[in-house]
Amino acid sequence: MSSVTLNRVTKVHATSRSRRAASAGSERVWPGFRQLELTFPSAKFSVLLGASGSGKTTLLRLIAGLDDPDAGDILFDGEKVTARPPVQRNVAMVFQQDALYPHLTVEDNVLFPLESRRTPRAEAEQRAREVGNMLELEHLWTRRPEQLSGGERQRVALARAIVRKPSVLLLDEPFSQLDAPLRSRLRDVVRQLQRELAMTTIFVTHDQAEAMWLADHLVLLDRGDCLQQGAPIDLYDRPVSTAVGSFLGSPPMNVLPLHQLASHEWSREAPGPCPPEGAAYVGFRPESIGWGDGGVLTWQATLVQVACLGFDTIVEMQWQGELEGEFLSCKARHAGKPRHQAGETVQCQVAASDLHWFDEATRRITT
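Residues numbered from 1 in each chain as written. Predicted model: local features only at pLDDT ≥ 70, side-chain atom pairs only at ≥ 80, totals over all residues. Heavy atoms only, no water.

Colleague: Which parts of the structure should I look at to understand the side chain of Thr119?
Modeller: Along the chain, Thr119 turns up in the loop between helix H3 (106-116) and helix H4 (121-134). In this structure Thr119 comes out as buried when scored by relative accessible area, which is 17%. Beyond its immediate stretch of four places on either side in the chain, Thr119 contacts Leu114, Ala124 and Arg127. (Helix = DSSP H or I, 4+ residues; strand = E, 2+ residues; numbered from the N terminus. Buried < 20%, exposed > 50% of the residue type's maximum accessible area, 1.4 Å probe, protein only. Contact = heavy atoms within 4.5 Å.)

See the structure below:
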């Protein structure tokens, strides 16, 4: 299996204009990639996470060879493949739409990529059956796509993609149109297959819970820029910017401007640092907020909303900041049933180890 490296890749995307947008005088512009540096490790499950328009699908198309970069190189295991056509890259791609051949049976759909490469019939049938067994397709072997459910069609599309043992498997939100229980089941199937076959896999999603669940390696994209990449827990626990902290998490990281926090809210007696030099914002996760005193950051707030989700509780709170007439707000998350009710005033605190400091100009982490 191959590692995939993007070395200073630039892709300038021309303005796209739909007929409806043109009639309204508006355009949807994607800024493109500029000198993008990324590495997807070999035999790992990598996830591209980002909002719509962040460039996730375009990035997959560049790796597959369906689009060409304007500058930079794409390398598989250190070898340049930038000029190679898709057929020479040994890459398989599964789209949101299954794109099965409607006139062929499930068996023939799975066999098709092997037959197109003139794989001996006996070997092709054996490999197709092995993959079909992995994805539990045996009982569907003689059916045509119109006789299958959405989940069954996507399993066939997966089988067709992996049967030829690609060096890189690309998955472009393959389960986005399925209902939640089926989507959850199929992503578990894909994750298990990736582990069994040790495939280099790159999976696109805009669902952060799905990304955190699946990824060995997580890449967070925003309008063509890589905000951060690495192990999912590293992005969650150690975001390099307010953009990363505010994207990951439900609710996301609370980010507050230091100039609006009253000076007495910083406990000089508590262990740990007060704001470092150059810091303009402080961030902390909702689950880091505790009740009572003891943290390096303490404040008193009124609870605006208390929502019980069954397994945990989300609390929205508000309090007067340093500037008169302006209020600060944040959200807390704690396990179990609600401990307080809306309208109550509570004492809150955050430990020094749970605080993140960000620069004013760049909003990146400060030390």
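Colleague: I'm lost on the environment of Leu100 in this one. Help?
Modeller: Secondary-structure assignment places Leu100 in the loop between strand S6 (91-94) and H3. Each C-alpha atom of the pair Leu100 and Gln154 lies 9.0 Å from the other, and the pair is 54 residues apart in sequence. If sequence neighbours within four positions are ignored, Leu100 has contacts with Asn109, Pro145, Arg153, Val156, Ala157 and Arg160.

Colleague: In this structure, what is going on with the sheet that holds strand S14 (residues 297-308)? I would like to understand it.
Modeller: The pairing of strands in a sheet comes from backbone hydrogen bonds and takes either a parallel or an antiparallel form. The strand order across the open sheet built from five strands is S13-S17-S14-S15-S16, with neighbouring strands paired in antiparallel fashion. Each edge of the open sheet is held by one strand with a lone partner, namely strand S13 (290-291) and strand S16 (327-335). Sheet topology note: the S14/strand S17 (residues 345-350) ladder contains six bridges and is antiparallel. Bridging across to S17, Gln300 finds its partner in Gln347. (Pairing = 2+ DSSP bridges.)

Colleague: Any chance you could explain helix H5 (residues 150-162) here in plain terms?
Modeller: Owing to its 3.6 residues per turn, the α-helix aligns residues three or four sequence positions apart on the same side. Over its 13 residues, H5 runs 19 Å from end to end, which matches the ideal 18 Å to within 8%, given 1.5 Å per residue. The buried fraction of H5 is high, at eleven of 13 residues. Along H5, the positions that sit buried rather than exposed are Gly151, Glu152, Gln154, Arg155, Val156, Ala157, Leu158, Ala159, Arg160, Ala161 and Ile162. Among the structural elements, S6, H3, H4, strand S7 (168-172) and helix H6 (180-197) are those in contact with the buried residues of H5. (Expected span 1.5 Å × (residues − 1).)

Colleague: Where do I start with the packing of H3 against H5 in this structure?
Modeller: Helix-helix packing: each pair is described by the crossing angle between the helix axes and the interaxial distance. One way to put it is that H3 packs onto H5 with a least axis distance of 7 Å and a crossing angle of 30 degrees. The angle between the axes of H3 and H5 places the two elements in the roughly parallel class. Along this stretch, H3 crosses H5, giving a crossing that reads as right-handed. Touching Val106, Asn109, Val110 and Pro113 of H3 are Val156, Ala159 and Arg160, all from H5. Taken together, the residues of the contact of H3 with H5 sort by class into five nonpolar, one polar and one charged. (Axes fitted to C-alpha atoms, helices over the stretch in contact; angles between N-to-C directions. Parallel < 35°, antiparallel > 145°, perpendicular 65-115°, else oblique. Left-handed = near helix turned anticlockwise from the far one by under 90°. Nonpolar A, V, L, I, M, F, W, Y, C, P; charged D, E, K, R; others polar.)

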